[in-house]
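Now for the letters of each chain:
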Amino acid sequence: MTVATEIKDPSPEKLLAPVLSAFWDEDRSWTLDVYQRHEGYEGLRKALAMTPDDLIAYVKDSGLRGRGGAGFPTGMKWQFIPQGDGKPHYLVVNADESEPGTCKDIPLLFANPHSLIEGIVIACYAIRSSHAFIYLRGEVVPVLRRLHSAVREAYAAGYLGKNILGSGLDLELTVHAGAGAYICGEETALLDSLEGRRGQPRLRPPFPAVAGLYACPTVVNNVESIASVPAILKNGKEWFRSMGSEKSPGFTLYSLSGHVASPGQYEAPLGITLRQLLDMSGGMRPGHRLKFWTPGGSSTPMFTDEHLDVPLDYEGVGAAGSMLGTKALQCFDETTCVVRAVTRWTEFYAHESCGKCTPCREGTYWLVQLLRDIEAGKGAMSDLDKLNDIADNINGKSFCALGDGAASPIFSSLKYFREEYEEHITGRGCPFDPARSTAWADHRTEVNA
């Protein structure tokens, strides 16, 4: 396996760092036999030889940051769990991946579920938990079945259950399928849903580390965050820090999608650029150029072709005016109408709003009405300022980050493509042909010719 230590080298073998995805292409990669053939559960053995406090310090020193969007240090989150409080502690893995463009956790679970299970056992040993949960998006039934199969294998092999590997650690793992609500990706809404209530964000404080699942101390981590831990234990924190940047070390999964020649998962050190990813993957689809893209899914402010060389780590993307988020790199070429794309994203957020707070519930509804009018050529110039004003009344004022995510594409699209909005208004309609932006558009043109 080749690991990148210098991301400026243009050759793919130096740019990519396949760790979680190292053997996805092997036959039956999701099975315990294949995982153990690649030194699976060796990280767990090393972890069990340490004290829980030393293990937390080790993960903290590695610099691993949460891969679910916020980038909060994983070891620090574990450290927040109070010890000696007499309460049960829980680990909840957030596998409710459902944001437009985000598609890293589901492939990971489908191809290599044991990396997550091993990481769960390590994390539970660290935070002194005897019960963990995986909250999976309910629609992905094939992944649910594969995850259940992997959990059964782990129980049968002694990696779950009573006295794991003779360490005295007892751990039960529950796989829970959600009901398809995007809001349950928010950690406190997820906890409410897991408890059997309607998924809505909770008022904080208290934070989950103090009063989470069943009002007990709880760590909520993303799938990729937990799945990355075994490799750190197996190979060492220095190995992990040899990749990426000082403040954003390690490897991660970048999900390249949209109008690109070769969409897919690209595992590379943090700090790689979109230009490097496009160069190695064949670029945009033939005959087209990049117009705009998202660095971390639809909830992050969009970038343009001017940002191709922005380092894709937490600091680099933040300094450029967006967020790394889930590294969902949606790339759109010049055939795409920005107004149409933003309208579709906003319709998603309006539909998925839980309705608990007024700014998000009412604001997303009115954003959709204005955007639909503009797209249909019924808008007025004053609507652009109104869009900005409504988005401003949502951003930072809603109960959770869903409202902020809905406002982000509004702000950034008006910043970079205000003239395109104005063209919809003055031209009394959309100047783009939606059929040209489809994946099969060029093929259809060739056939007709």
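All figures in this text were calculated on a predicted structure; none of them were measured in a lab.

Before going further, it helps to examine the side chain of R146. Tracing the chain through its elements places R146 in helix 8 (residues 141-156). One polar contact links the side chain of R146 to the main-chain carbonyl oxygen of F110, over a distance of 2.9 Å.

Interhelical geometry of helix 16 (residues 338-352) versus helix 19 (residues 401-426) gives an angle of 155° and a closest axis separation of 9 Å. Between helix 16 and helix 19, the crossing angle belongs to the class labelled roughly antiparallel. When you trace helix 16 past helix 19, the crossing you get is left-handed. Seen from helix 16, the contacting residues are V338, V339, V342, W345, T346, Y349 and E352; seen from helix 19, they are L402, G405, A406, P409, I410, S413, F417, E420, Y421 and H424. The residue makeup of the contact of helix 16 with helix 19, split by class, is eleven nonpolar, four polar and two charged.

A few words on the pattern of salt bridges. Across all of its chains, the model carries 28 salt bridges by this definition. The salt bridge partner of E224 is K104, with a shortest N-O separation of 3.1 Å. Pair noted here: E224 is in helix 11 (residues 223-227) and K104 is in the loop between strand 1 (90-95) and helix 6 (105-111), with a separation of 120 residues, a long-range link. Residue E186 is joined to R204 by a salt bridge in which the shortest nitrogen-to-oxygen separation is 3.1 Å. Highlighted residues: E186 in the loop between strand 3 (172-177) and helix 9 (187-194) and R204 in the loop between helix 9 and helix 10 (208-211), separated in sequence by 18 residues. Assessed through its relative accessible area of 31%, R204 is described here as partly exposed.

Each value, and the rule that gives it
- Residues numbered from 1 in each chain as written.
- Predicted model: local features only at pLDDT ≥ 70, side-chain atom pairs only at ≥ 80, totals over all residues.
- Heavy atoms only, no water.
- Helix = DSSP H or I, 4+ residues; strand = E, 2+ residues; numbered from the N terminus.
- Polar contact = N/O pair within 3.5 Å; in protein donor to acceptor, adjacent residues only side chain to side chain.
- Axes fitted to C-alpha atoms, helices over the stretch in contact; angles between N-to-C directions.
- Parallel < 35°, antiparallel > 145°, perpendicular 65-115°, else oblique.
- Left-handed = near helix turned anticlockwise from the far one by under 90°.
- Contact = heavy atoms within 4.5 Å.
- Nonpolar A, V, L, I, M, F, W, Y, C, P; charged D, E, K, R; others polar.
- Salt bridge = Lys/Arg side-chain N within 4 Å of Asp/Glu carboxyl O.
- Buried < 20%, exposed > 50% of the residue type's maximum accessible area, 1.4 Å probe, protein only.

None of the figures reported here should be taken as evidence of function without further support.
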